[in-house]
Structures are given as C-alpha cells and as structure tokens.
Amino acid sequence: MMLAAIFCLTVLGLSLGYILGYAARVFKVETSALVSEIEVMLPGSQCGQCGYPGCTPAATALANGEAPVTVCPPGGKILAEELAAKLGVSVDLSDMEDGPPMVAKVFEAHCTGCTRCFKVCPTYAIVGGPKQIHVVIRDACTGCKSCVQVCPTECLQMHPIEVTLKTWKWQKPELILALS
Amino acid sequence: MKLFRFRGGIHPEGHKLATTAKPIAVMPMPKYLYVPLQQHIGAPAESEVKIGDQVAKGQLLAHSQGMVSAPVHAPTSGIVNNISEMTAPHPSGLSVRMITLETNSEDQWLNSITSTDPLRLTAEEVAAHVGAAGIVGMGGATFPSAVKLKLSLRHKIKQLIINGGECEPYLTCDDRLMQERSDQVVDGVRIILRAVQAEKALIAIENNKPEAIAAMQKSCGHYADITVVSVPARYPMGSEKHLIQTVTGLEVPAGGLGADIGVLVHNVGTAYAIHQAIRHGRPLVSRVVTVGGGAIQEPQNVEVPIGASLRDVIEFCGGLKETPARLLMGGPMMGQVMPSMQVPVVKGTSGIIALSEQEVSHQAATPCIRCGSCVDACPCGLLPLTMAAHIRSNKLEGAVDFGLIDCVACGCCSYVCPAHIPLVQYFNYAKGELAARQQRKHKTEETRKLAELRQQRIAKEKEAKRLAAEKRRTEKAKRETATQHDDD
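Definitions and cut-offs
Residues numbered from 1 in each chain as written. Chains lettered and ligands numbered in written order. Predicted model: local features only at pLDDT ≥ 70, side-chain atom pairs only at ≥ 80, totals over all residues. Heavy atoms only, no water. Helix = DSSP H or I, 4+ residues; strand = E, 2+ residues; numbered from the N terminus. Buried < 20%, exposed > 50% of the residue type's maximum accessible area, 1.4 Å probe, protein only. Contact = heavy atoms within 4.5 Å. Areas by Shrake-Rupley, 256 points an atom, 1.4 Å probe, with all protein chains shown as cover. Lys, Arg positive; Asp, Glu negative; His and termini not counted. Charge placed at Lys NZ, Arg CZ, Asp CG, Glu CD. Buried area = accessible area lost by both parts, 1.4 Å probe. Salt bridge = Lys/Arg side-chain N within 4 Å of Asp/Glu carboxyl O. Polar contact = N/O pair within 3.5 Å; in protein donor to acceptor, adjacent residues only side chain to side chain. Nonpolar A, V, L, I, M, F, W, Y, C, P; charged D, E, K, R; others polar. Disulfide = S-S within 2.5 Å. Patch = residues over 30% accessible without salt bridge, like charges linked within 9 Å, V, L, I, M, F, W, Y side chains within 5 Å. Domains from an automatic or database assignment. Pairing = 2+ DSSP bridges. Axes fitted to C-alpha atoms, helices over the stretch in contact; angles between N-to-C directions. Left-handed = near helix turned anticlockwise from the far one by under 90°. Phe/Tyr/Trp six-rings, centres within 6.5 Å; stacked < 30°, edge-to-face > 60°. Lys NZ or Arg CZ within 6 Å of the ring centre and 35° of its normal. pLDDT = per-residue confidence, 0-100.

Chemist: Please provide a residue-by-residue account of the overall build of chain A, values included.
Modeler: A count of helical and extended segments in chain A gives 6 helices and 4 strands. The proportion of buried residues among the 180 residues of chain A is 30%. Long-range contacts, defined here as pairs at least 24 residues apart, represent 49% of the contacts in chain A between residues at least 6 apart. For chain A, the computed accessible surface area is about 11,800 Å², with 61% contributed by carbon and sulfur atoms. Taken together, the 13 basic and 15 acidic charged side chains of chain A have centroids lying 7 Å from each other.

Chemist: Explain the overall build of chain B to me, and be specific about the residues and the numbers.
Modeler: Counting its regular elements, chain B contains 14 helices and 17 strands. Along the first, second and third principal axes, the C-alpha atoms of chain B reach 120 × 65 × 50 Å. The long-range share in chain B, meaning contacts at least 24 apart out of those at least 6 apart in sequence, stands at 73%. Accessible surface computed for chain B: about 22,400 Å², of which carbon and sulfur atoms make up 52%.

Chemist: Outline the interface of chain A and chain B, listing residues and values.
Modeler: Contacts between chain A and chain B engage 43 residues on the former and 37 residues on the latter. Contact between chain A and chain B buries roughly 3,300 Å² in total, counting both sides, with carbon and sulfur atoms accounting for 61%. Applying the counting rule to chain A against chain B returns 2 salt bridges. Of the charged contacts in the structure, one is a salt bridge between Lys169(A) and Glu433(B), with a shortest N-O distance of 3.8 Å. Where chain A meets chain B, there are 14 residue pairs in polar contact (both at pLDDT 80 or more). Going through the elements one at a time, helix H2 (31-41), helix H4 (76-87) and helix H5 (116-120) of chain A are the ones with two or more residues in the side of chain A that touches chain B. Within the side of chain A that touches chain B, the residues separate by chemical class into 25 nonpolar, 10 polar and 8 charged.

Chemist: Hey, could you go over the pattern of salt bridges for me, with residue numbers and the actual values?
Modeler: All names here are of chain B. One pass over the structure, following the stated rule, counts 17 salt bridges over all chains. Across the pair Glu461 and Arg457 runs a salt bridge whose closest N-O atoms are separated by 3.5 Å. Here Glu461 pairs with Arg457, and both are found in helix H14 (residues 423-487), just 4 residues apart, close to one helical turn. On the accessibility criterion, Glu461 (44% relative accessible area) is partly exposed.

Chemist: Any chance you could break down the state of the cysteines for me, citing the residues and the numbers?
Modeler: Residues and elements named next belong to chain B. Counting across every chain of the model gives 0 disulfides over all chains. We note that Cys412 lacks a disulfide partner, and the nearest cysteine sulfur, in Cys410, lies 3.5 Å from it. Judged by its relative accessible area of 0%, Cys412 is buried.

Chemist: Which residues make up the side chain of Thr123(A), and what values go with them?
Modeler: Following the sequence through the fold, Thr123(A) ends up in the loop between H5 and strand E2 (126-127). Classification of Thr123(A) as buried rests on a relative accessible area of 1%. From its side chain, Thr123(A) meets the backbone oxygen of Ala140(A) in a polar contact 2.9 Å long. Sequence-distant contacts of Thr123(A), defined by excluding residues within four places in its chain, comprise Ser45(A), Ala140(A), Thr142(A), Thr447(B), Leu450(B), Ala451(B) and Arg454(B).

Chemist: Requested: an account of a nonpolar patch on the surface, with residues and values cited.
Modeler: Together, Leu9(A), Leu12(A), Leu16(A) and Ile19(A) make up a nonpolar patch on the protein surface, roughly 420 Å² of accessible area in all. With respect to the element layout, Leu16(A) can be found in helix H1 (residues 2-26).

Chemist: I'd like a description of the domain arrangement of chain A, backed by residues and values.
Modeler: Residues and elements named next belong to chain A. As far as domains go, chain A holds domain 1 (33-87) and domain 2 (102-160). Each of domain 1 and domain 2 has a C-alpha centre, and the two are 25 Å apart. Every contact between the two is made by 4 residues of domain 1 and, on the other side, 7 residues of domain 2. Taken over both partners, the interface formed by domain 1 and domain 2 buries close to 400 Å², and the fraction arising from carbon and sulfur atoms is 55%. Connecting domain 1 to domain 2 are 0 salt bridges. Our count for the contact surface shared by domain 1 and domain 2 stands at 1 residue pair in polar contact (both at pLDDT 80 or more). By residue class, the composition of the side of domain 1 that touches domain 2 is 2 nonpolar, 2 polar and no charged.

Chemist: Could you give an account of the sheet that holds strand E9 (residues 159-164) of chain B, with specific residues and numbers?
Modeler: Residues and elements named next belong to chain B. As summarised here, the arrangement of the 4 strands in space is E11-E10-E9-E12, forming an open sheet in which the pairing is parallel. Strands at the two margins of the open sheet, each flanked by one partner only, are strand E11 (226-231) and strand E12 (263-267). Geometrically, the sheet is characterised by an average inter-axis angle of 25° between neighbouring strands, direction not taken into account. Against the sheet, helix H7 (residues 240-248) engages E9, strand E10 (200-206), E11 and E12, with an angle of about 120° to E9. Docked against the sheet, helix H8 (residues 268-279) engages E9 and E12, running at close to 80° with respect to E12.

Chemist: Report on the packing of helix H4 (residues 173-180) of chain B against helix H6 (residues 210-220) of chain B, specifying residues and quantitative values.
Modeler: All names here are of chain B. Running from amino to carboxyl end, H4 crosses H6 at an angle of 40°, the nearest separation of the two axes being 8 Å. Note on packing geometry: the crossing formed by H4 with H6 is left-handed. Contacts between H4 and H6 pair Asp175, Met178 and Gln179 from the former with Glu211, Ala212, Ala215 and Met216 from the latter. When the residues that make up the contact of H4 with H6 are grouped by side-chain class, the tally is 4 nonpolar, 1 polar and 2 charged.

Chemist: I'd like a description of the packing of aromatic side chains, backed by residues and values.
Modeler: If you walk through the whole model with that rule in mind, you get 1 aromatic pair over all chains. Geometrically, the ring pair formed by Trp168(A) and Trp170(A) is edge-to-face, given 5.0 Å between the ring centres and 65° between the ring planes. Residue Trp170(A) is classed as partly exposed on the basis of its relative accessible area of 35%. Lying over the aromatic face of Phe4(B), Lys2(B) brings its terminal NZ or CZ to 4.7 Å of the ring centre. For Lys31(B), the ring lying beneath its charged end belongs to Tyr32(B), and the centroid distance is 5.4 Å.

Chemist: Provide a residue-level description of the confidence of the model for chain A, including the pertinent values.
Modeler: Residues of chain A with pLDDT of at least 70 account for 92%, and the chain-wide mean is 85. Considering each helix and strand of chain A separately, the mean pLDDT is smallest for H2(A), with a value of 80, and largest for H1(A), with 93.

Chemist: Any details on the sheet that holds strand E14 (residues 300-305) of chain B? Residues and values, ideally.
Modeler: All names here are of chain B. Ordered by their spatial adjacency, 6 strands build an open sheet running E1-E14-E13-E17-E15-E16, and the pairing between neighbours is mixed. Strands with a single pairing partner mark the edges of an open sheet, and in this sheet they are strand E1 (25-26) and strand E16 (336-337). By the bridge criterion, 6 bridges tie strand E13 (residues 286-292) to E14 in an arrangement that is antiparallel. Bridge pairing in E14 places Val291 opposite Gln300. Sitting on the sheet, H4 is in contact with E13 and E14, with an inclination near 125° to E13.

Chemist: Could you give an account of the environment of Ala104(A), naming the residues involved and the relevant values?
Modeler: Residues and elements named next belong to chain A. By the secondary structure assignment, Ala104 is in strand E1 (residues 102-106). Expressed as a C-alpha distance, the spacing of Ala104 and Val148, which sit 44 residues apart in the sequence, is 7.6 Å. Other than its neighbours up to four places away in sequence, Ala104 contacts Val136, Cys141, Cys147, Leu156, Gln157 and Met158.

Here you go:
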C-alpha cells in the first residue's frame, strides 16, 4: 500500500516537473517584450530628464526594477500609475508632486530668432527661422524642457496648458465626513 | 399599448404646479443679446459678420464648420456691437466666443425667408434644411439634429419616439409647448417621420401632464401613423435609453445608440423647431424656457430669444425674491450651476431655476453604510457605491470595470443616498478624468511619431555626412596617388 502511494506521488511529481520544464522552454517570454511594451508607454522624446540617456534605456531600467515607476517627469502621475499597473508594483502616488501638465511658450519680446531651441526640440514642436520669432506648437510639445535649457535669452518658459471649455473637467469631490 | 418597466428610478417632488397652468409669455426684446458661437456639441461655428454690421432677424451670424456643428442666426434685428470672449453658460466660468447684438425695436425678419412644403422634399433635403436652421437637440443634449437625421437614414429606423417625458422637477416648458402648440409639434413629428422614413411615431408623455396628452391626442387624431402614449411619471423617464425601454421593451446595448435597435428619439421642442424651420423658413432663434424655483417672484414659461441674459429673463419674471442659493440652467437633477446672472440663454436651455435656501440641501456626507439604496435606484443597473469607492481611492479603471461608462449621470443615486455621499459627482469627475487621460495618451502617441521621425532624420543626416566624408577621403586618396604618379 505504502509503495503504491510512493509510486503515485513520484510519477505525479516527475510528470508535472517535466510538463513545467517543457512549458518554461516553449512558452518562454522574452524580457525584451516587456521593455518594448514599456517603451511604448513612455513619451519617446528622449529628453533625458530621468537621468537615463533616452527612453529605451529608461524602459530597460524600469523592466529590470532598477528605476522607480515615478522616473519619467514629463509622464507625470498618470504615467506612473500606468507603469505601476503594468509592472504589478504597488506604489503610493498620493505624495507625488504633479502640477498641471506644462508646455513651453515663447515670450516673443525676448526671442532673438537664434534657432537653438528648435534644433534641440525632440518632437518638432518649435517652428521658426533665423532672426524670426519662434513659436511653440502646443499640441506637439511634450514639456521636456530641452529648449528652456538652451535658450540664451530665457524667453522660453514652461506654462501650464490653458484650460478650455473642451478640456475642463470636474474636480474630485472633497469628502468632509460628518462623524459624530 | 403595452408598456415595459425599466429598473430603478425615483419619484422626486414635481414642483411643476407653479408653472404648468400659466400660458407661455413672450418676452420683450432686451437691449443686448449675447449669442455664443458654440451652443452645441461639436466644432464651434465660425463668425460671418463684423463689428458694426446691420443684421436682420434670422440672418446667419456664424456658419457651421466640420461634420458635427450647427450654425447660429440673429435672434432679432440690430447691430453687431462686439465679438469677444465672454463668460459661458457653463459651471467652469470659462469664456466662449460670443456675438453681442445691440437690438432695435423693429424685430424685422430677413426678406429672403420662405416656407417649403416638406412633402416635396426628399429625406436628405429635409435634413439639410434642419441643419441650415441651426437646430440642435432641445432637451438639453444639444447634439446637431441634422446629423442625427442623416445617421438615422443610414441605420434604417423602424420607429420614431418623440420625447415628451420631461421628468425633471420644476421644468414644464415641453408640457406648455404641447398644450398650446400641439398642432405645430405634431406637424414637426410628421416632417421628422418623413426625413427618417420610419413607419410610425410614438409621442411618449408622462402621465402627470393630462392636459398635454389630451391636446396632443386631439392634434394627432387624423394621422394613423402617430400615436400618443401615456407613460408613468418616474425620473429619469426622459432619458433616451430609458424611454426606449419603456415603450419598446428593448434595451439599448451598452455603448450603443438607439439607432442600433432601429429607434430614433427626438424631443418635442426639437419637433417644434423643425416645424418652424421647414414650414416657415425660420431658423432656431428663440425657445421656451421654464423660469422657476423658490427664489423667483413669478415663475412661468417664457419664450426667450437665444442670447438673452439670465438677468433679463429673471427680471421679466418679476425679479428675485431673495438671493438664490443656487442658480441652475436645466432642471435640478441634471442641470448645471451657472457662474453668474450675466450668462445668456442658449439653444439647450430648458430651464432657469433659482433655488432658494430652503430648497437646497447642505447636509454633510457621512460614511457609506452599504444600505444599497443607490443600487435599487440606479436605472442603469450599476453599483454606484462600489464605483464611488473605487474612484475615491483613485482606481478609475476599477470603476470602469463596474460600468462607469454606462452611467447616464441622472443623479438618482445621490438623490436617494441616506449618507449624502456625492455619488454622481464622483462619476462626473471620473468621466472627465478618463477623457483627459485618453487625450493625453493620444498626444503621447502623436509626439512619439514626431520624435521617431526626428530620430530617423538625424540618422539619415549622419549617414549622408559619413558617406560624403568617405567620398572625399577616397577622392583625396585618388588625387594623392595621381600626383605621386606624376611625381614619378
């Protein structure tokens, strides 16, 4: 009787082990798939504000668990939440500072038309020519601040995106609980 | 006729008696009208006039642009005084582009206005006329009616339902319209029937409006394809999906439209506006508005020119008894709080409700006791308490899993909640937040494409430079060997 039990368990253990080993080989998930999936979620502007040389290295670091989900400043809180869900990590984002999304804006009186800003813009969001006032296309700006750093006259500054009737939304209701 | 029941719903106090028996008053033309260029869902209209232009009543002020849009017409004759950004009739208090019209007392219609015989028009032509008249959904949704008519032609509509539900408390503008102008409303219904080529029309009216039902039945007497149905008075009967369910027993699929199950719904006010546009060639320049609430001196229904400021309309109704605790556009359940009395009446304004202090609840929220009242009240079969709990802890995706997108924001849950939890307010917040995220995601995708383009361009330039340098080097080497040969 005891032999039968030992036999059964041995066979069960071995066969399950083989199945698992086989499955691990056949259905092996390439880690690079995760990296590319994360890369798609990042802004892709290669701005380098995270401290990594670009979005791909940042995605690799995120996939390896070396970087926190809050690594991407232009992505903000929303991206951090999505990354946390993607990577299955729980993170408390209530303390994360997240102002309104910002875009660059040219203060036209100070623009000399030096063309430095649109050369560094990763998304072609600045248009202009030599000695002509440049302008930022709001919808194409990712808020990476690359242009702010190179502007010699400080005429490029970050501004919060203007709220319009189309983009306005209700605030979260503040719940003041009347507890006796 | 057999009716069906939708689940949930509430019976709020009607407050309709103050206005339902009084005839519609016609408001004298105020000195200034403020006509917003966006009074509808979709792209704003583009101004056609300049400051200083003389305009006649019914003249085009701004043309529609894009697929979903509606033009705007002059509500009376006068001079264009200004075109500027002014406070919109919207809870945000943000501004919208408006044409300020200084009116003259002539109220002179445009000469070129002509009536058309709808029986001679094809379905497409009716839709085109309706679109040119700037008609939008008058129940408050303000979706351009012509777009809806055109879509219906494609969807093969079997049944047209005319929404005379008017389930919101205080509001009686549709009720009065059906009592006083039933012939015109029924004519409008016939025109819509023709435009969408449906077999029959049902005019659904809540049974708390017996006079309106009687008047409409009298006007429908000759027409076999139009039937008046009395539906039980229960909020939100006037919601498109719930009205369809009540009269047909069919449920509109989640995320779908009435047209998906062969039903089209139009408001009685829209039917009246369509009658005016086709029979008399008059664009939508005025509408019936219920002015009510405890803070109003003489509550009544008023025919108001589009663009009249709330202050002018309220003054016509004897002014205010007291400072309103809340000033609403639309009904108290789904209406919007207005930022000031200066904002104008627009095409979708069904009511101006100034609530007194006694009519407003100030009770603070207490913790949810999971009594399930909101679940019983929800007409969409959702779990408001669970969705709100998810949203409270910032798990919007969780709320979406529980059907947030199917919520029609009727507010039944907030109305019945014994703990006074702002449930529908949570849902409105979450929907706005989700839309913003969607936009942001879309932007990220677009900017990524731009970034990739730039990377490719940089790589190409680098490659070109390298090739040029290589070419130069080989040429230089060639020249050097040639000179060497010469030297030899």
